[in-house]
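Okay, here's what each chain looks like letter by letter:
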Amino acid sequence: MAKYTIAMKVSQQIKELFKMLSPIEQQGLLSELSTVNINCSPKESNVTSCPYCHDVRFVKNGKYKGHHRYKCKACNRNFSPHTGTAFQGIKKLDKFDQYKSIMFEEGFISLERMSKRVGISIQTAFDWRHKILSTLKPEEFEFRGITEMDDVWFLYSQKGRKGLAFSRKRGGSSRKGDNDYQVKMLVTADRTQAQDLSVVRIGRIKSSDINRKVGHRMGTECTLVSDKHRSISSFAKQNEIKHVSFKATEHVADKEHHVQKVNNIASRLKSQTNHICRGVSTKYLQSYANWFQFAETYKEQGDIVAQVDKALLANHKSWDTFTNIEPLYKQFIKEQSRRTYRCPTKRHWKSQQKEAIKVEPLSYL
Ligand SMILES: [Zn+2]
């Protein structure tokens, strides 16, 4: 067998042939291809590199449990198209498909209802939800033109955590004002399709938080609109971005400059997490934001479940992130808050990779 897989050879050939076309023919072909619906069902997905070492030299190595198996020539490990993705270890793929459809076509749903409808245990319903959500992020479009920004507050919650000496797991604090019980989600959206929902900190947002999450997606042609938040102002100043601000009580600067879009996103997300899920733990807040955001971004583009599959199959770090949510949460508490990390969960997986945290530090939190 040749050095490269058949998939590599074909794409190489296509690239060579493409160069032989005239510029007009190339243009025509590109626009024709952009309308092609990519079929990404797990069985037919193309593997382009080794999920462990990313080397492109690998060969077919028979079949395992109905899927093609490959062997990497660089690191000698076997893998399948599912290795590392959210599909890893899932045996009931038909039920998993049904699960994804309900999740993205119908929106937020409780674990009890989901487990009954799909015919799986509540633990499985929980695991599948977080396998999917812990790594599902829509494409990061660049922000253009008027870009609204606001911070949304959620009460710190340790819902579901066992062994705490305090009874107040869901309620946070009754203290008013900004304090270490307020989890901050930064919501950014332009007037087209670019948006971002990121859990950034517990306590007061810093300009470095904004930089870390959305700085790379914002150019000097943006006009940032927000209330008079000191950290947002200094972020804009540091990055030489035009900033239009207004008093928090006024909500708008003028007809064009307001934050109605991000307010609308925030209130819909809040009503779903509070009413349908009856509050979510801080540990999983980013996951719920990912769920909401994914549905928002792709709802008008037809088959949303196909979009979900495409995103899941492309992410070979899903398994690592899913099995490392607890250490990532610990890291978040230590670096992005003044709270004390308590009562770690004791669940472990055989193939849990501890190095994952170093590779992808805060992509999730
Ligand atoms: Zn390898």
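Our structure is the block above this text.
All of the points below concern the structure found in this document.

Thresholds, definitions, all that
- Residues numbered from 1 in each chain as written.
- Predicted model: local features only at pLDDT ≥ 70, side-chain atom pairs only at ≥ 80, totals over all residues.
- Heavy atoms only, no water.
- 1 Å grid on protein atoms, 1.4 Å probe; cavity = no way out; pocket = protein on both sides within 12 Å on 5 of 7 lines; lining within 4 Å.
- Points joined across faces, edges and corners; volume = space filled by probe spheres on them.
- Helix = DSSP H or I, 4+ residues; strand = E, 2+ residues; numbered from the N terminus.
- Nonpolar A, V, L, I, M, F, W, Y, C, P; charged D, E, K, R; others polar.
- Donors = N, O, S within 2.8 Å, 3.2 Å for Na, K, Ca; no water.
- Tetrahedral: all angles 85-135°; square planar, octahedral: opposite > 155°, others 65-115°.
- Buried < 20%, exposed > 50% of the residue type's maximum accessible area, 1.4 Å probe, protein only.
- Axes fitted to C-alpha atoms, helices over the stretch in contact; angles between N-to-C directions.
- Parallel < 35°, antiparallel > 145°, perpendicular 65-115°, else oblique.
- Left-handed = near helix turned anticlockwise from the far one by under 90°.
- Contact = heavy atoms within 4.5 Å.
- Pairing = 2+ DSSP bridges.
- Polar contact = N/O pair within 3.5 Å; in protein donor to acceptor, adjacent residues only side chain to side chain.
- Core = buried A, V, L, I, M, F, W, Y, C linked by side-chain atoms within 4.5 Å.
- Phe/Tyr/Trp six-rings, centres within 6.5 Å; stacked < 30°, edge-to-face > 60°.

What follows concerns the layout of surface pockets. One number sums up the size of the largest pocket: a volume of about 1200 Å³. In terms of lining, the largest pocket is formed by 44 residues, of which the most central are F126, K159, G160, K283 and Y284. Of all the elements in the fold, those that place two or more residues in the lining of the largest pocket are α4 (111-118), α5 (122-133), α9 (282-298), α11 (318-323) and α12 (325-336). Ranked by residue count, the leading element in the lining of the largest pocket is α5, at six residues. For the lining of the largest pocket, the residue count by class is 17 nonpolar, 13 polar and 14 charged.

A few words now on the coordination of the zinc ion. Donor atoms from the polypeptide that coordinate the zinc ion comprise C50 (SG), C53 (SG), C72 (SG) and C75 (SG), at 2.3 to 2.4 Å from the metal. Taken together, the four donor atoms coordinating the zinc ion span angles of 105 to 116° at the metal, a pattern that classifies the geometry as tetrahedral. By relative accessible area, which is 33% here, C53 ends up partly exposed.

For the rest of this paragraph, the subject is the packing of helix α8 (residues 260-276) against α9. At a minimum axis separation of 11 Å, α8 and α9 run at an interaxial angle of 125°. Looking at the two axes, α8 sits oblique to α9. Here α8 runs over α9; the crossing is right-handed. From α8, I265, R268, L269, Q272 and T273 reach across to α9, where they touch Y288, A289, F292 and E296.

Here we come to the sheet that holds strand β3 (residues 78-79). Paired through their backbone hydrogen bonds, the strands of a sheet run either parallel or antiparallel. Strand order in the open sheet formed by three strands is β1-β2-β3, with antiparallel pairing between adjacent strands. At either end of the open sheet lies a strand with only one pairing partner, and these are β1 (58-64) and β3. Here strand β2 (residues 67-72) runs beside β3; their pairing, made up of two bridges, is antiparallel. Within β3, the residue paired with K71 across the bridge is N78.

Mapped onto the fold, T323 is located in helix α11. Of note is the side chain of T323, whose polar atom sits 2.9 Å from the backbone oxygen of W319. A polar atom in the side chain of T323 sits 3.3 Å from the backbone oxygen of D320.

Time to look at the sheet that holds strand β8 (residues 242-246). Pairing is mixed in the open sheet, where five strands are placed in the order β6-β5-β4-β7-β8. In the strand order of this sheet, the two ends are held by β6 (195-202) and β8, each with one partner. Taking the axes of each pair of neighbouring strands and ignoring which way they run, one obtains an average angle of 25° across the sheet. Summarising the sheet, strand β5 (residues 182-190) and β6 pair through seven bridges and their orientation is antiparallel. Directly across from M185, in β6, lies its bridge partner V199. In the packing of helix α7 (residues 230-238) onto the sheet, contacts are made with β4 (146-155), β7 (223-227) and β8, and the angle to β7 comes to roughly 165°. Its contacts with the sheet put α8 on β4, β5 and β6, and the angle it makes with β4 is roughly 25°.

Moving on: the nonpolar core. Membership of the largest hydrophobic core comes to 61 residues, with the highest contact counts inside it found for Y99, M103, F104, I132, M185, L197 and W291. At eight residues, α9 tops the list of elements feeding residues into this core. Apart from the residues lying within four places of it in its own chain, the contact partners of W291 are M103, F104, G107, F108, I109, R129 and L133. Within the second largest apolar cluster, 15 residues are counted, among which are F143, I205, F235 and I241.

Let us now look at the packing of aromatic side chains. Scanning the entire structure with this criterion turns up 14 aromatic pairs. Ring geometry for F108 and W291: centres 4.3 Å apart, planes at 25°, overall stacked. With F108 in the loop between α3 (93-105) and α4 and W291 in helix α9, the pair connects residues that are 183 residues apart, well separated along the chain. A relative accessible area of 8% means that F108 is categorised as buried. Considering the side-chain rings of Y288 and W291, the 6.0 Å spacing of their centres and the 35° angle between planes classify their relative orientation as tilted. Here W291 and Y288 lie together in helix α9, a separation of three residues that amounts to about one turn.

Take it as geometry only, folks, not as evidence of what the structure does.
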